[in-house]
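# Structural features, examined
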Amino acid sequence: MSDLTPLFRPKSVALIGASSDTRKYGYWTAKSLIDNKFTGQLYLISRTAADDILGYKPYASISDVPGPVDLAIVGIAPKHILPVLQECADKGVKAVIVVSTGFGETGPEGKALEQQMLAIAAKSGMRIMGPNCMGMFSAPVSLNASIIDLEKGHMGLVLQSGNFGIDINFNAKSRGLGYSGWATIGNQIDLRFADFVEYLGQDEATRVVLMYMEGLRVSSVDDGRRFVEKARQTALKKPVAAIKIGRSEAGARAAAS
């Protein structure tokens with residue numbers, strides 16, 4: 001079983017690419033983590049910030065963080081990603097969420113970069129969620145590593161579209177519903193639908209598992225079979241519902257974008 005505890009129940013989180021600039025993603029995510037009162041230790045990493053980001057002292061590198069880090073959220077340009085991932089691996093980080101865009105969805109060069117990212121992670125056993133995603137939410141530890149205002153509840157939602165996540169969240173709020181876990185998994189270079197449906201299946205805080213699927217990874221022969229197997233196992237414990245888009249020509253173009 002894939003252990004997603006460092007993702008959903010981390011004891012410490014580092015935001016790499018934090019910013020004091022209110023116009024930037026690194027500021028919005030830092031504010032979300034702070035405002036939602038994450039129960040663990042939070043570290044903000046910025047090479048350019050001044051002495052203070054929302055009341056927190058920023059560190060120049062994750063290597064400078066004094067304590068262990070379970071989860072790193074990375075929001076930096078692709079050209080800087082490899083040395084930063086290596087620093088995370090050297091630090092002993094267990095899981096990384098790469099929210100940045102500009103990877104496999106852009107073409108062959110981006111896909112080659114993804115393979116280099118995987119090679120770094122594999123040597124240390126570090127797991128990667130994303131890239132090209134909008135982060136995640138976990139109710140048990142009050143972790144909102146996204147820029148979306150999400151409420152606590154009992155739905156586990158896994159999706160590939162951040163925009164769809166915004167839309168469905170608006171609908172959920174109007175119905176008084178919230179999430180035990182919420183994850184946008186992007187390009188799925190490492191962690192995939194099967195890993196999340198398996199974890200949420202045994203998660204006591206989750207009563208129903210929902211998925212918005214653009215596709216499984218065709219590069220892995222067994223990915224589809226593994227997903228079906230894990231979904232069937234989870235469905236014995238709680239309801240599982242999925243929307244699969246991209247079967248029509250227009251849907252395929254939307255998924256590819």
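Structural data are supplied above this passage.
In what follows, the accompanying structure is described. All of these numbers come straight from a predicted model, not from anything done at the bench.

### Thoughts on helix H3 (residues 81-91)
- Of all the positions in H3, only Ile-81, Val-84, Leu-85, Cys-88 and Ala-89 are classed as buried. Buried residues of H3, seen end-on, are gathered within an arc of 145° and therefore sit on one face of the element.
- For H3, the secondary structure elements touched by its buried residues are strand S1 (12-16), strand S3 (71-74), strand S4 (95-98), helix H4 (108-124) and strand S5 (127-129).
- Just downstream of H3, Gly-92 is the residue with a positive phi angle, here 90°.

### Here we look at the sheet that holds strand S9 (residues 179-184)
- In spatial order, the strands read S7-S6-S9-S8-S10-S11; together these six strands make up an open sheet with mixed pairing. Looking at which strands have only one partner, the edges of the open sheet turn out to be strand S7 (143-145) and strand S11 (240-244). Strand-to-strand twist in this sheet, taken as the mean axis angle between neighbours without regard to direction, amounts to 15°.
- The sheet contact formed by strand S8 (residues 152-159) and strand S10 (residues 208-213) spans five bridges and is parallel. Bridging from a neighbouring strand, Leu-159 pairs with Tyr-212 of S10.
- The strands touched by helix H6 (residues 193-202) within the sheet are S8, S9 and S10, with S10 carrying the most contacts at an inclination of about 165°.

### Side note on the pairing of S4
- What you see with S4 is no split at all: Ala-95 and Ile-97 on one side and Val-96 and Val-98 on the other are buried throughout.
- As judged from the four bridges shared by S3 and S4, these two strands associate in the parallel manner. Looking across to S4, one finds that Ala-72 is bridged to Val-96.
- Between S3 and its parallel partner S4, the chain crosses via H3, and the hand of that crossover is right-handed.
- Each parallel crossover has a hand, and for S4 linked through H4 to S5 it is right-handed.

### Let's talk about the pattern of salt bridges
- Applying the stated criterion across every chain, the model contains ten salt bridges.
- With its nearest N and O atoms 3.0 Å apart, the salt bridge here joins Asp-21 to Arg-23.
- The closest approach of N and O atoms between Lys-94 and Asp-70, which form a salt bridge, is 3.1 Å. Of this pair, Lys-94 sits in the loop between H3 and S4 while Asp-70 is found in the loop between strand S2 (41-45) and S3, placing the two residues 24 residues apart along the sequence.
- You can call Asp-70 buried: its relative accessible area is 10%.

Rules of the game
Residues numbered from 1 in each chain as written. Predicted model: local features only at pLDDT ≥ 70, side-chain atom pairs only at ≥ 80, totals over all residues. Heavy atoms only, no water. Buried < 20%, exposed > 50% of the residue type's maximum accessible area, 1.4 Å probe, protein only. Helix = DSSP H or I, 4+ residues; strand = E, 2+ residues; numbered from the N terminus. Arc of directions from axis to C-beta. Contact = heavy atoms within 4.5 Å. Pairing = 2+ DSSP bridges. Axes fitted to C-alpha atoms, helices over the stretch in contact; angles between N-to-C directions. Right-handed = clockwise from strand over helix to strand, strands pointing away. Salt bridge = Lys/Arg side-chain N within 4 Å of Asp/Glu carboxyl O.

As far as function goes, none of this settles anything; it's purely spatial.
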